[in-house]
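What the coordinates show
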Amino acid sequence: MTAPTLDEPGPRPPSDEPASARTRRRRHPAPPAHPFFRFVFPLLIAAAAVFVFVLWRDGAKAVLDTTDGSVVAAVDDPGEPGFLAFATPTPTLLVAHVDADDTLVGVTVLARTSLDAGGSLVVLSPNMLLDLSEQDVILGQLYASQGVEALEQAVAEYFGFGFTEAEPMVMSTERLGAFLERVEPVSFFLADDLVRLGDDGVGEVVYESGFGQFDGADLAEIYAWRNPAELDDGRFTRQLAIWEAWLAAVGEADDLLSATLPFEEGLPPYLRAFGTGTADLELAPVVPVAFGTADPLYTLAEGSASWPIEKGREMVPVPVGYAPGVWPTVQLLDGTGDPARRARFLPTVVAAGAEIYVIGNAASFDVQETFVAYHAPEDAERGEALAAALGVPVVFDENLDQPAQLTVTVGFDSSDL
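Residues numbered from 1 in each chain as written. Predicted model: local features only at pLDDT ≥ 70, side-chain atom pairs only at ≥ 80, totals over all residues. Heavy atoms only, no water.

**Observations regarding the packing of helix α3 (residues 139-146) against helix α4 (residues 148-159)**
Selection rule: Orientation is described by lines fitted to C-alpha atoms, with helices fitted over the stretch in contact, and by angles between N-to-C directions that extend from 0 to 180 degrees. Comment: elements are numbered from the N terminus, with helices defined as DSSP H or I runs of at least four residues and strands as E runs of at least two. Here, residues are in contact when the closest pair of their heavy atoms is within 4.5 Å. Residues are grouped as follows: Ala, Val, Leu, Ile, Met, Phe, Trp, Tyr, Cys and Pro are nonpolar; Asp, Glu, Lys and Arg are charged; every other residue, Gly included, is polar.
Interhelical geometry of α3 versus α4 gives an angle of 145 degrees and a closest axis separation of 7 Å. Note on element contacts: α4 touches α3 through Val148, Ala150, Leu151, Ala154 and Val155, opposite Leu139, Leu142, Tyr143 and Gln146. Its residues placed into classes, the contact of α3 with α4 shows eight nonpolar, one polar and no charged.

**Overview of the packing of aromatic side chains**
Going by this rule: Ring geometry is summarised as follows: Phe, Tyr and Trp rings, the Trp one being its six-membered ring, pair when their centres sit within 6.5 Å, and such pairs are stacked at plane angles under 30 degrees, edge-to-face over 60 and tilted between the two. Under the scheme applied here, a residue whose accessible area is under 20% of the maximum for its type counts as buried, over 50% as exposed, and between as partly exposed, the area being computed with a 1.4 Å probe on protein chains only. When the NZ atom of lysine or the CZ atom of arginine is within 6 Å of a ring's centre and also within 35 degrees of its normal, the charge is said to sit over that ring.
Under the defined criterion, the tally for this structure stands at twelve aromatic pairs. Judged by centre distance (4.9 Å) and plane angle (20 degrees), the rings of Trp243 and Trp246 are stacked. Placement of the pair is Trp243 and Trp246 together in helix α7 (residues 232-252), with a separation of three residues, close to one helical turn. By relative accessible area, which is 1% here, Trp243 ends up buried. Among the aromatic residues, those joined into a ring-pair cluster are Tyr158, Phe159, Phe161, Phe163 and Trp307. Positioned above the aromatic ring of Tyr270, the side-chain terminus of Arg112 is 4.7 Å from the ring centre.

**Examining the sheet that holds strand β12 (residues 278-283)**
Hydrogen bonds between backbone atoms are what pair the strands of a sheet, whose relative direction is either parallel or antiparallel. Formally: Each pair of strands is called paired provided DSSP finds at least two bridges between the two strands.
Strand order in the open sheet formed by five strands is β7-β2-β3-β4-β12, with mixed pairing between adjacent strands. The outermost strands of the open sheet, each flanked by one partner alone, are β7 (169-172) and β12. Pairs of neighbouring strands in the sheet enclose a mean axial angle of 20 degrees, with direction left out of account. Contacts from helix α9 (residues 268-276) reach β2 (92-98), β3 (104-112), β4 (118-124) and β12, with the element oriented near 65 degrees to β3.

**Observations concerning the environment of Val195**
Looking at the element boundaries, Val195 is found in strand β9 (residues 194-197). C-alpha of Val195 to C-alpha of Glu208: the two residues are 13 residues apart in sequence and 8.6 Å apart in space.

**Things to note about the pairing of β3**
Note on strand geometry: in a regular strand, side chains alternate between the two faces of the sheet. In terms of burial, β3 is largely enclosed, as nine of its nine residues are buried. Sheet topology note: the β2/β3 ladder contains seven bridges and is antiparallel. Considered in β3, the bridge of Val95 is made with Thr108. Linking two consecutive strands that pair antiparallel, namely β2 and β3, is a turn of five residues; a positive phi of about 60 degrees is found at Asp102 within it. As judged from the six bridges shared by β3 and β4, these two strands associate in the antiparallel manner. When the sheet's bridge partners are listed, Ala111 is paired in β4 with Ser120.

This is the structure in structure tokens:
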């Protein structure tokens, strides 16, 4: 037998596969599709899609017709009778500043009036004494014994509004430094030398007074700093100045998201709003009072007893209750066709002790007299109390499907109230 050439393959080696298996591996052209799958099946798919769309449309309308969606009624024109929408509370956040030992060194209360128009900020001392309904509390001691949630609850009651952010923010010196590093160097005027005592009791100047450009880590350390024998008002005055410098640096940043972190929850949206909008920054009007403690405590200055509630109403036009169920939920309706009347009356309703839950229009625009309605018998007492506070009549309008406990309908007499 002659050997096969390169152009002439030799005999194939024997295979362990059965002949039937080798046969099945051969490719055959696919048979033509059955007419059902070519013509009828695509029509069935299209019909199913239409059916799903109809179900979605009808379901969406059903949601709009109930109180479970973001819109209470199907009327979508804010100028038409019957329009209702859930009110958006003023965004609020509490920031608890702590040092490396988790000791409270400052409290900041922030309220964002809108996404791009700034808001209000108040700095409180950890040695501030709050006069609350149940007991007096000192902020630093409350944080040390019960944590940040108890601190938030006390501050909320003090100002008369709840915080809308899911959790209060605990801002360590390290975390604050990381935020400030995003806009460093920060221009800042330090009013006093900051001094550290050595082991020999001699003071060493760590940060010299004057104007300078500060790194984020240094500015965060200054935020928590107290000089030996310094009253705490020196520290919280510096803290307010650091907030001012920080927000100014945010407003001047080329990349706003990079300067604040691109998040829509927590502190970043407040930094963006305050940095680019109008920010009202304030210290609580307090004076030091000695109560036999290591540090003087701070209480409201004489004549400032109403400041917390007044400031709270100024900061937060549409608040949530500072505790669950403390205020009745209210549907505030315009019954005149002039929404400006409703807007002017809103602060009055809030001041009377109500949480604005729904805002919109009455079924008609011919309401002459402003009134309060309660919709379940168990809400009668709350309805009567709110009506008495507003100086308007109260009626029982049974409707258990109402999204709010009470309804305040603004009539043409509202300018006289």
